[in-house]
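Listed below, chain by chain, are the residues.
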Amino acid sequence: MRVLLSLLILGNVLLFGAQQQAFSQQVNAFAFKVKDPIVLDGVLDEEIWTSEEGWNDNFTQYFPYDTSAAAAQSRVKIAFDENNLYLAAVMFNNGPRKYVSTSLRRDYRGEQNDGISFVFDTFNDKTNAFQFGINPYGVQREALLANGGARSEDLNLAWDNKWFARASIHENHWQIEAIIPLSTLRFKDGAQNWNVNFYRIDSHLGERSTWAPIPRNFPIISTAFSRKLIFEEPLKKNSANISLIPYMAARTSTNYLEGTSEKLTPAFGGDAKVGIGPALNLDLTFNPDFSQVEVDQQVTNLDRFEIFFPERRQFFLENGDLFASFGHPLARPFFSRRIGVDRDEATGQNVQNKIIYGARLSGKVTDDWRVGLMNMQTATEEERGIVGKNFSVMAVQKKVFSRSNVGLIFVDRESLAVDEFQSLFDPTAYNRMLGVEYNLASEDNRWTGKALYHRTFESTEKEAPRTLNAYLLYSDLHWRWSISYLDIGAGYNPEVGFVPRVDYKRFNPDLGYRFFPKSTFINSHGPQAEYELRWNEAFGSTDRDIKFQYEVRFQSLAQLTFGYTNSYIYLFDDFDPTRTGGEPLPAGTDYTTDRFGFEFRSNPRQPFNVRLEGQAGEYFTGDIASLRSEIAWRIGYIANIGMNFSYNRIRLPEPQNDADLLLVGPRIDLTFSKSLFWTTFIQYNNQIENININTRLQWRFAPVSDFFLVYTDNYFPDSFSPKQRSLVLKLNYWLNI
């Protein structure tokens, strides 16, 4: 606890001492009021665009350097009326050339894509923002930015909404025109200004540039360095934002292992999105269906604990940062994938559990207060022994200082009573979690951190049902260091969260330094050292890792890293190191091992690129050699052919098993047009003896409206006899009222 308080006090002292970098506040943008709606055609011939007044130019390089003007310059202009925000942008080149677009599918991502992006912080908190992007072929993307854009994961491309854009390619430039309905955005009624930034990725030069300069040691999506966008008149919301998204679906499946089948069964349901005032959004779902969601990418599991798989269902992803940003990666108080999954008491396996309805209210209450409320109900399935459950989550954040916030989260899972004569809920079958957090973010983004305390509540009293964490990170152009202390009590049990392990304390500092040579080949390089120690009162030290690595980043965007790890593991339970059913290593034994590794990522702008990762060294009582790769071949913007590959060669003395664990995952992604896509994903995993085939056809017949045809099959690898098979048809339509 003293470590926690010391880090918190240190963070506040440094926060007050931090000063904002003045160069990011030199210039403001201006939004012009127009009388007549702008015709969307990608041709900038309206009077507002032909005027030389009000263009925002002088973009600055972010990569490969951040101290010079962009070699490929851009300029942006913004206009508005009572209903819409209008954007125009011109991206200049040094001559005619081809552009890189990985596909024609909406929501493209990756630093290899040409594109221009617009970031609007509508509540001026430099923490949360909307992002809209367009590439030279008119492919759009929209996203929500959270947590100040501190990590790439803070860019959430799952958010969907209606807006419109056109692009055109010319001899020495490409240009775009876009219309964003004001009802799409959340902002304070009568707002006079927002925070804003624009950034461009140019594949030909390998250059990334921004309008408001961003130091290259921070992510390009960072919101800390934005400038002001000043509107000619205060903004007013004149239209409601109500959207209905009904769906129709049909599914048929066969389970060959259990000898059961499901005839083609229709299903109906849908979502609704309702704007509550200028800044809150109410999302409703009834009988939701997620059958079109792509399957998880499998991994070889050599860990002793549960593996985290990210959420893919869109209802939970939108504004998900309000709930998912709480906690620590090793102690998440809320994990939405726990909703809709339950235990089949007949087989002991986790299975999908039908969700009946859900509601979520999220957004800004005032400039400083942000709130998220969610309630979900799952169904009772008597044949599986599954009791329906109700999930409620409340998250509240209050902005403090310039960019920091204080947060509160409450999670409640209640179980329905199985006896019809009891009350609606079983009074003993509940699980609750209450947590408070302080998130530090200095004005210049150099200091970030977190301090938290969480506690769970159950009908049976447990010892130490709490967790606490303190984390502090400093980052400037050359130095990066952090320190973290985590304490998870033995009785901490957030059943709607993700906590793979309890009853330990963890101390984790790291230190890194980067050199920036004057080189046309190497962009930066530098070492990093990390120490991780875990212990508890019963066993003392249970885990320790000492890691050293050296990373080189090239001007081509390629990367190469070499590393060494010294590890200590104490087994407090029996453990099979191969997870193949062999003789386990006994509890109470400990092991010290050394391993060397490397990772290489090639230039992502090339049609063929690869990521290779390997390691070799000691593994418990034997040794291990591993190779993992991701190979991608891009054929224009029509086809992306990829291959995930993982091989682990484990050799252990008797009586433990040797193992050759292989995982192969070829993937073909075809984009025939901006509205027709076909993806096929095949996964072979000999650790679980399974071949999985998932193929999905998507037709976007109207804006944000789709038809899906999804076929999934699972086989035994040796005999190729089937395990499970399903076919899904789904149609959804986005209707604005």
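To be clear, the structure that these remarks concern was listed above.
Residues numbered from 1 in each chain as written. Predicted model: local features only at pLDDT ≥ 70, side-chain atom pairs only at ≥ 80, totals over all residues. Heavy atoms only, no water.

Undergrad: Which residues make up the overall build of the chain, and what are the values?
TA: Looking only at helices and strands, the chain has four helices and 40 strands in total. Relative to a compact globule of 737 residues, whose C-alpha radius of gyration would be 27 Å, the chain shows 27 Å and is just as compact. Evaluated residue by residue, the chain yields a buried proportion of 53% over its 737 residues. Nonlocal contacts in the chain, meaning residues at least 24 apart in sequence, comprise 59% of its contacts between residues at least 6 apart. About 32600 Å² of surface is accessible on the chain, with carbon and sulfur atoms providing 57% of the total. Looking at charge distribution, the chain has the averaged site of its 76 positive side-chain charges lying 4 Å from that of its 88 negative ones. (Helix = DSSP H or I, 4+ residues; strand = E, 2+ residues; numbered from the N terminus. Rg over C-alpha atoms; globule rule 2.2 N^0.38 Å. Buried < 20%, exposed > 50% of the residue type's maximum accessible area, 1.4 Å probe, protein only. Contact = heavy atoms within 4.5 Å. Areas by Shrake-Rupley, 256 points an atom, 1.4 Å probe, with all protein chains shown as cover. Lys, Arg positive; Asp, Glu negative; His and termini not counted. Charge placed at Lys NZ, Arg CZ, Asp CG, Glu CD.)

Undergrad: Account for empty space enclosed by the protein, naming residues and giving values.
TA: One simple way to see leftover space: roll a probe sized like a water molecule over the atoms. Going through the model one piece at a time under the given rule, you end up with five cavities of 30 Å³ or more. Estimates place the volume of the largest cavity at around 420 Å³. Around the largest cavity, the lining comprises 30 residues; the ones closest to its centre are F130, L144, R186, N319 and G363. Elements supplying a minimum of two residues to the lining of the largest cavity: β5 (115–121), β6 (129–134), β7 (140–145), β16 (280–286), α4 (321–324) and β19 (355–364). In terms of residue count, the dominant contributor to the lining of the largest cavity is β19 (four residues). Looking at the lining of the largest cavity residue by residue, the classes come out as nine nonpolar, ten polar and eleven charged. In this structure, the second largest cavity is lined by D125, T127, N128, K364, D368, W369, R370, Q397, K399, R403, S404 and N405. Counting only elements with at least two residues in the lining of the second largest cavity, the list comes to β20 (369–378), β21 (389–400) and β22 (404–416). (1 Å grid on protein atoms, 1.4 Å probe; cavity = no way out; pocket = protein on both sides within 12 Å on 5 of 7 lines; lining within 4 Å. Points joined across faces, edges and corners; volume = space filled by probe spheres on them. Nonpolar A, V, L, I, M, F, W, Y, C, P; charged D, E, K, R; others polar.)

Undergrad: Could you give me a rundown of a nonpolar patch on the surface, with the residues and numbers involved?
TA: Together, V406, L408, L434, V436, Y453 and F457 line one region of the surface with nonpolar side chains, adding up to about 440 Å² of accessible area. Looking at the nonpolar patch, the elements with two or more residues in it are β22, β23 (425–441) and β24 (447–458). Within the secondary structure layout, V436 lies in strand β23. (Patch = residues over 30% accessible without salt bridge, like charges linked within 9 Å, V, L, I, M, F, W, Y side chains within 5 Å. Salt bridge = Lys/Arg side-chain N within 4 Å of Asp/Glu carboxyl O.)

Undergrad: Describe the pairing of strand β14 (residues 242–255), naming the residues involved and giving the relevant values.
TA: Across 13 bridges, β14 lies against strand β15 (residues 260–276) in antiparallel orientation. Within the sheet, the bridge partner assigned to Y247 lies in β15 and is G269. What sits between the antiparallel neighbours β14 and β15 is a turn of four residues, in which G259 has the positive phi angle 70°. Strand direction decides the pairing type here: β14 and strand β40 (residues 735–736), joined by two bridges, are antiparallel. Bridged to L244 within β40 is L735. As paired strands, β14 and strand β39 (residues 722–732) are joined by nine bridges and run antiparallel to one another. (Pairing = 2+ DSSP bridges.)

Undergrad: Tell me about the pattern of salt bridges, residues and numbers included.
TA: In this structure the tally under the stated criterion is 44 salt bridges. A salt bridge links R208 to E111; the nearest nitrogen and oxygen atoms lie 3.2 Å apart. With R208 in strand β12 (residues 207–210) and E111 in the loop between β4 (84–92) and β5, this residue pair connects regions lying 97 residues apart in the sequence. Judged by relative accessible area, which is 13%, R208 ranks as buried. One salt-bridge network, held together by shared partners, links E599, R601, R611, E613, R628 and E630.

Undergrad: Lay out the packing of aromatic side chains in plain terms, naming residues and giving numbers.
TA: In this structure the tally under the stated criterion is 33 aromatic pairs. Ring centres of F521 and F554 lie 5.1 Å apart, and the angle between their planes is 55°; this geometry places the pair in the tilted category. Of the two residues, F521 is situated in the loop between β27 (504–513) and β28 (522–536) and F554 in strand β29 (residues 540–554); the sequence distance between them amounts to 33 residues. Taking relative accessible area as the criterion, F554 reaches 13% and is therefore assigned buried. (Phe/Tyr/Trp six-rings, centres within 6.5 Å; stacked < 30°, edge-to-face > 60°.)

Undergrad: Describe the nonpolar core, and please don't skip the residues or the numbers.
TA: Core analysis: the biggest nonpolar cluster contains 38 residues, and I78, L85, F118, F120, I176, W194 and L229 have the highest contact counts within it. Elements that contribute at least two residues to this core include exactly β1 (29–33), β3 (74–80), β4, β5, β6, β10 (173–181), β11 (193–202) and β13 (227–231). Residues contacting F118, with those up to four places away along its chain left out, are V76, L87, A89, F130, Q131, F132, I134, I176, N197 and F198. If you look at the next biggest cluster of nonpolar residues, it comprises 24 residues, including L330, A331, I409 and Y504. (Core = buried A, V, L, I, M, F, W, Y, C linked by side-chain atoms within 4.5 Å.)

Undergrad: Give a detailed account of the environment of K364, specifying residues and quantitative values.
TA: Note that K364 resides in strand β19. With relative accessibility at 9%, the residue K364 sits in the buried group. Between the C-alpha atoms of K364 and V436, which are 72 residues apart in sequence, the distance is 19 Å. Each residue touching K364, except ones within four places of it in the same chain, is listed here: F123, D125, A279, L280, W369 and R370. For K364, the side chain forms a polar contact with the main-chain oxygen of D367, separated by 3.0 Å. (Polar contact = N/O pair within 3.5 Å; in protein donor to acceptor, adjacent residues only side chain to side chain.)

Undergrad: Explain unusual backbone geometry residue by residue, including any values.
TA: Note the cis peptide between F63 and P64, where omega equals 10°. On the secondary structure map, P64 appears in the loop between β2 (60–63) and β3. The linkage connecting E654 with the following residue, P655, adopts the cis geometry, with an omega of 15°. Summarising the element assignment, P655 is placed in the loop between β34 (639–651) and β35 (659–671). With phi around 55°, K126 is a residue other than glycine that occupies positive phi space. Positive phi, normally seen in glycine, also occurs at A464, with a value near 55°. By relative accessible area, A464 is classed as partly exposed at 27%.

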